[in-house]
There are 2 protein chains.
Amino acid sequence: MSDTQSLPDVTQSMVDAQDLSGPGADHISAVFHRYAELFTAADAEGITQLYAADAIVRDPVTAPAVQGHAAIRAWYQGAFDAAGHMDMKVEGEVRIAGRHGAATFVVMAGADSAPFQSNTLDVMVFNDDGLITSMDAYWGPTNIHML
Amino acid sequence: MSDTQSLPDVTQSMVDAQDLSGPGADHISAVFHRYAELFTAADAEGITQLYAADAIVRDPVTAPAVQGHAAIRAWYQGAFDAAGHMDMKVEGEVRIAGRHGAATFVVMAGADSAPFQSNTLDVMVFNDDGLITSMDAYWGPTNIHML
C-alpha cells in the first residue's frame, strides 16, 4: 500500500526500514472494526474465529495470558456474561506497521445499573493468513469512568 | 489509584488480576504529555532523559531496535534534523495498565514544503524510577496523510 502515495522523505526512510510483510493494512484495519462489532454483539465465537488457533490474549496486558481457541472463547464469553451489553467502537485511525495493528476503543457499558465508559487500546499482531496471533489490551482503573 | 473510585464488578475483577506495580498512573500520563512537548520542541536531550540508560526504542515497531542513551539521542536528533518542525499532540486519554502506558498521537509536519499529518501510537513500559525502558511506535504508510 506504500506505492499509492508519495511519502515525505523523512517518513519514507522510516517506512523503508520497516518489515512490511503481513496480511495488508486494509485487512488489519477491517479486523479492528469487525472486532468491535462482534464485541458489541457479544459474539464470543465470532471473535474467536478472528484468532489463530494458538493465539495469545492478554487483557489487560499485565494479566496472565489466555491461549488457544477454547480458552479465548471461554474468556470472552465470561466477560460478556458478567458485563451485560457493551457497546464498543474504534475511536480513531487504526495504526498499522507491517503485521502489527493498534487502535484505541471506547466501550460504553453498565446501562442497566451503573453506566460507565471504558477507554481501551489494543495491539494485535497478525499472521500471513490474516488471523490475530496475539492481542494485548492496555487499560486500567484510570480509564474507567462512571457516567 | 484504584482506591479512589468504585469500579464496576466486571472491571474490578479484571483489575484485580493485574500487576499494578510501577511508577503510578499520574506519572505515566504526565510523561506521555511531556514527551509530546519535548518532541514538538525538537529537544532530543530532553526526550533522552525520559528513558532509562539501557532503554530500547523501536519506531516503528518493525524497525531495528535503538538501544541506550547515546543511540536514542542520535536517533531523535536525526529525525528532528530531517523533518524540520513537527507539532506532536496526545490524541486521547492515555491508557495505563500497571507499568505499561499507551496512547495515540497526531503529528503535524512539513509546513515549510509539503504539509502532512502523521497518526501514531506509542506503547511505553516504565521502571520503578519512572523512566521509560521501552518504546514501541505503531504507524505506517496508511497513517501518513498529505494535507
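Residues numbered from 1 in each chain as written. Chains lettered and ligands numbered in written order. Predicted model: local features only at pLDDT ≥ 70, side-chain atom pairs only at ≥ 80, totals over all residues. Heavy atoms only, no water.

(A) View of the overall build of chain A. Within chain A, the regular secondary structure consists of four helices and eight strands. What you see in chain A, going N to C, is helices and strands ordered as α-α-α-β-β-α-β-β-β-β-β-β. Each principal axis of the C-alpha distribution contributes one length, and for chain A these read about 55 × 35 × 25 Å. Within chain A, the fraction of its 147 residues that count as buried is 54%. Taking all contacts inside chain A whose residues are at least 6 apart in sequence as the whole, residues at least 24 apart take part in 53%. With an accessible surface of roughly 6100 Å², chain A has 51% of that area assigned to carbon and sulfur atoms. Taking the 6 positively charged and 19 negatively charged side chains of chain A as two groups, their mean positions are separated by 3 Å. (Helix = DSSP H or I, 4+ residues; strand = E, 2+ residues; numbered from the N terminus. Buried < 20%, exposed > 50% of the residue type's maximum accessible area, 1.4 Å probe, protein only. Contact = heavy atoms within 4.5 Å. Areas by Shrake-Rupley, 256 points an atom, 1.4 Å probe, with all protein chains shown as cover. Lys, Arg positive; Asp, Glu negative; His and termini not counted. Charge placed at Lys NZ, Arg CZ, Asp CG, Glu CD.)

(B) Highlighting the pairing of strand 7 (residues 132-138) of chain A. Residue and element names in this part refer to chain A. Burial within strand 7 is extensive, with six of its seven residues counted as buried. Pairing between strand 1 (residues 51-58) and strand 7: four bridges, direction parallel. The residue bridging Y51 from the neighbouring strand is I132, located in strand 7. Sheet topology places strand 6 (residues 116-126) next to strand 7; six bridges connect them, and they run antiparallel. By the bridge assignment, V125 is partnered in strand 7 with S134. Two successive antiparallel strands, strand 6 and strand 7, enclose a turn made up of five residues, where G130 displays a positive phi of approximately 85 degrees. (Pairing = 2+ DSSP bridges.)

(C) Representation of helix 2 (residues 25-40) of chain B within the structure. An ideal rise of 1.5 Å per residue puts 22 Å on 16 residues; helix 2 of chain B measures up with 23 Å between its terminal C-alpha atoms. Among all positions in helix 2 of chain B, only B:A25, B:I28, B:V31, B:F32, B:Y35, B:A36, B:L38, B:F39 and B:T40 are buried. (Expected span 1.5 Å × (residues − 1).)

(D) View of the side chain of A:D136. All names here are of chain A. Note on placement: D136 falls in strand 7. Here the side chain of D136 touches R58 through a polar contact of 2.5 Å, side chain to side chain. For D136, the contacting residues outside a window of four places in its chain are R58, V61, L121, D122 and V123. (Polar contact = N/O pair within 3.5 Å; in protein donor to acceptor, adjacent residues only side chain to side chain.)

(E) Fine view of the packing of aromatic side chains. Residue and element names in this part refer to chain A. Counted by the stated rule, this structure contains 16 aromatic pairs over all chains. Measuring from ring centre to ring centre gives 5.1 Å for F39 and F80, while their planes differ by 75 degrees; the resulting arrangement is edge-to-face. Placement of F39 in helix 2 (residues 25-40) and of F80 in helix 4 (residues 69-83) is noted, with a sequence separation of 41 residues between them. A single burial state applies to F39 and to F80, both of which are buried. (Phe/Tyr/Trp six-rings, centres within 6.5 Å; stacked < 30°, edge-to-face > 60°.)

(F) Spotlight on unusual backbone geometry. Residue and element names in this part refer to chain A. Between D59 and P60 the backbone carries a cis peptide bond, its omega angle lying at 0 degrees. Positive phi, close to 55 degrees, is recorded for A42, a residue that is not glycine. Within the secondary structure layout, A42 lies in the loop between helix 2 and helix 3 (44-48). Residue class for A42 comes out partly exposed when judged on its relative accessible area of 38%.

(G) Here's a closer look at the environment of A:A83. Residue placement: A:A83 occurs in helix 4. Between the alpha carbons of A:A83 and A:G24 there is a distance of 33 Å; along the sequence they are 59 residues apart.

(H) Region of interest: the environment of B:I96. With respect to the helices and strands, the residue B:I96 is situated in strand 4 (residues 95-97). Linking B:I96 and B:S134, residues 38 residues apart in sequence, is a C-alpha distance of 15 Å. Setting aside residues no more than four positions away along its own chain, B:I96 makes contact with A:W139, A:G140, A:T142, A:N143, B:A25, B:I28, B:S29 and B:G101.

(I) Examining the pairing of strand 5 (residues 100-109) of chain B more closely. All names here are of chain B. For strand 5, the tally of buried residues reaches nine of ten residues, placing the bulk of the element in the interior. By the bridge criterion, five bridges tie strand 3 (residues 86-90) to strand 5 in an arrangement that is antiparallel. If you follow K89 over to strand 5, its bridge partner there is V106. As paired elements, strand 4 and strand 5 share three bridges and run antiparallel to each other. Looking at strand 5, one finds that A97 is bridged to H100. Hairpin connection between strand 4 and strand 5: a loop of two residues separates the two successive antiparallel strands, and G98 in this loop has a positive phi of roughly 60 degrees.

(J) Local environment of the environment of B:A70. As for its placement among the helices and strands, B:A70 is situated in helix 4 (residues 69-83). Sequence separation between B:A70 and B:E45 is 25 residues, and the spatial gap between their C-alpha atoms is 9.7 Å.

(K) Fine view of the pattern of salt bridges. Residues and elements named next belong to chain A. The tally for this structure, following the rule as stated, stands at twelve salt bridges over all chains. Ionic pairing is found between D128 and R99, a salt bridge with its closest N-O pair at 2.9 Å. Here D128, found in the loop between strand 6 and strand 7, pairs with R99, found in the loop between strand 4 (95-97) and strand 5 (100-109); they are 29 residues apart in sequence, far enough to count as distant. (Salt bridge = Lys/Arg side-chain N within 4 Å of Asp/Glu carboxyl O.)

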